[in-house]
Amino acid sequence: MSKYQRKVLVSTAAGIGLENMDIMFLAFSLSSIISSLQVTSAQAGFISTITNLGMLAGGIFFGLLADKIGRVKVFAYTVITFSIASLLMFFASNIYLVYLFRFIAGIGAGGEYGACMSLVSETFSKKNLARATSVVAIGGQVGAIVAAVLASLIIPVLGWKMLYVIGVLPIFFVLFIRRGLEEPDSFKERQESGEKPKLSLLFKDGQTTWQTVGLTLMVTVQIAGYFGLMNWLPSIMQKQLGLSVSGSSLWMISTIFGMSLGMLTFGTVMDKLGPKLSFAVFLIFSSLSVYLIVLAKGQWSLLFSTMLVGYFINGMYGGYGAIISSLYPTEIRATANNVIMNLGRAIGGFSSVVIGFLMDNYSLTAVVVCLSAIYLVSLCIMLTIPGFKLYKES
């Protein structure tokens, strides 16, 4: 890597990490919000839903803006947006203000992904692109760890509102972004050509429409498996093994370690073998590995299982930035990344509800069978998208 490429990689990974840190604050402060604002669990649960809606709206708005005025500019604007929204949470005196401020935070967070992935894809050559986007995605895992550490230190002493005050600090990161990064040459050339970004370009013909729909479905499976499994795994294991998994830092570390290692492996494999074979292998092993959850019979087998499951089901996440950026032209690249990722996130986020229903009415085995099946469905969809086969040729 050149010095500038390293700067782009560090900046985008840090940006995604700070965004995920802000989004994960909700998971660690939700019980405190319920208690202090005297709201029901259903009202509190809607906070996550409205955040996802904000991310979808922000993805479309900032995606088109990034394709129009620049990746670096919009990268900075999105950080400013979710940082200010985080600070505003300090003034949230009722649940409706919480909804408003988290919707705004979602707008900023949803817009950042496309700007970052487009910037990376236009800075690195294709032979190293999947590894680069995977490193950026690992930044999100680091952000989750930072959120957990800050929550454990701040909430018991200063309360949940001060946690969100800390969330304004990324705004200073904007100074580094604006001083150290430049718009990619390919974007400048596109600007000079006068081509304008249009959402309709994601559906300009039958093949492109199916590509957009197919990738969205694949991301939906990716998000559904990740959030559904990780949100329910502590409860599942506590019930199945009598373990206090939710309070186990060792479980969290092993899972995130497995996910991060999976991303690095996937990025390397994809750069060497292409996306079609890489996604096929990881989707098949994701379908098989989830059965380890049923087989876990003790603390150590649980740690091994969660690490291995995390390795496969989240290893693919970083690859989506590379494949989406490569399959869509410069004039719509950021928009494509944001729309596909945030639609998948909004739909896939309902997996926690579905898994809860299956747990209440059927069994853990039914949950695992359904999870296994959706990865095979994703595999079938992937095989029908021509771009995966043509990736190495373009």
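Residues numbered from 1 in each chain as written. Predicted model: local features only at pLDDT ≥ 70, side-chain atom pairs only at ≥ 80, totals over all residues. Heavy atoms only, no water.

A.B. asks: Break down helix H1 (residues 3–37) for me, citing the residues and quoting the values.
C.D. replies: When the terminal C-alpha atoms of H1 are compared, their 49 Å separation across 35 residues agrees well with the 51 Å that a helix rising 1.5 Å per residue should span. Largest kink in H1: about 60 degrees, centred on Ser29. Downstream of H1 by one or two residues, Gln38 has phi in the positive range, about 55 degrees. (Helix = DSSP H or I, 4+ residues; strand = E, 2+ residues; numbered from the N terminus. Expected span 1.5 Å × (residues − 1). Bend = angle between axes of the 7 residues up to and from the residue.)

A.B. asks: So, the domain arrangement of the protein: which residues are in play, and what are the values?
C.D. replies: Examined at the domain level, the protein breaks down into domain 1 (1–195) and domain 2 (198–393). One C-alpha centre belongs to domain 1, the other to domain 2, and the line joining them spans 21 Å. At the interface, 39 residues of domain 1 touch 37 residues of domain 2. Among the residues of domain 1 in contact with domain 2, Tyr113, Lys126 and Gln141 are the three that bury the most area, contributing 20% of the side total. Across the domain 1-domain 2 interface, the total number found is 2 salt bridges. Notably, a salt bridge pairs Arg131 with Asp271, separated by 2.9 Å at the nearest N-O pair. Secondary-structure elements contributing two or more residues to the side of domain 1 that touches domain 2 are helix H2 (41–69), helix H4 (95–121), helix H5 (126–158) and helix H8 (185–193). Ranked by residues supplied to the side of domain 1 that touches domain 2, first place goes to H5 with 15 residues. For the side of domain 1 that touches domain 2, a count of residues per class yields 18 nonpolar, 13 polar and 8 charged. (Domains from an automatic or database assignment. Contact = heavy atoms within 4.5 Å. Buried area = accessible area lost by both parts, 1.4 Å probe. Salt bridge = Lys/Arg side-chain N within 4 Å of Asp/Glu carboxyl O. Nonpolar A, V, L, I, M, F, W, Y, C, P; charged D, E, K, R; others polar.)

A.B. asks: Summarise the layout of surface pockets; cite the residues concerned and give the values.
C.D. replies: Approximately 220 Å³ is the volume attributed to the second largest pocket. Lining the second largest pocket we find 15 residues, and of these Ala224, Ser351, Val354, Leu371 and Ile374 sit closest to its centre. Split into classes, the residues belonging to the lining of the second largest pocket amount to 11 nonpolar, 4 polar and no charged. (1 Å grid on protein atoms, 1.4 Å probe; cavity = no way out; pocket = protein on both sides within 12 Å on 5 of 7 lines; lining within 4 Å. Points joined across faces, edges and corners; volume = space filled by probe spheres on them.)

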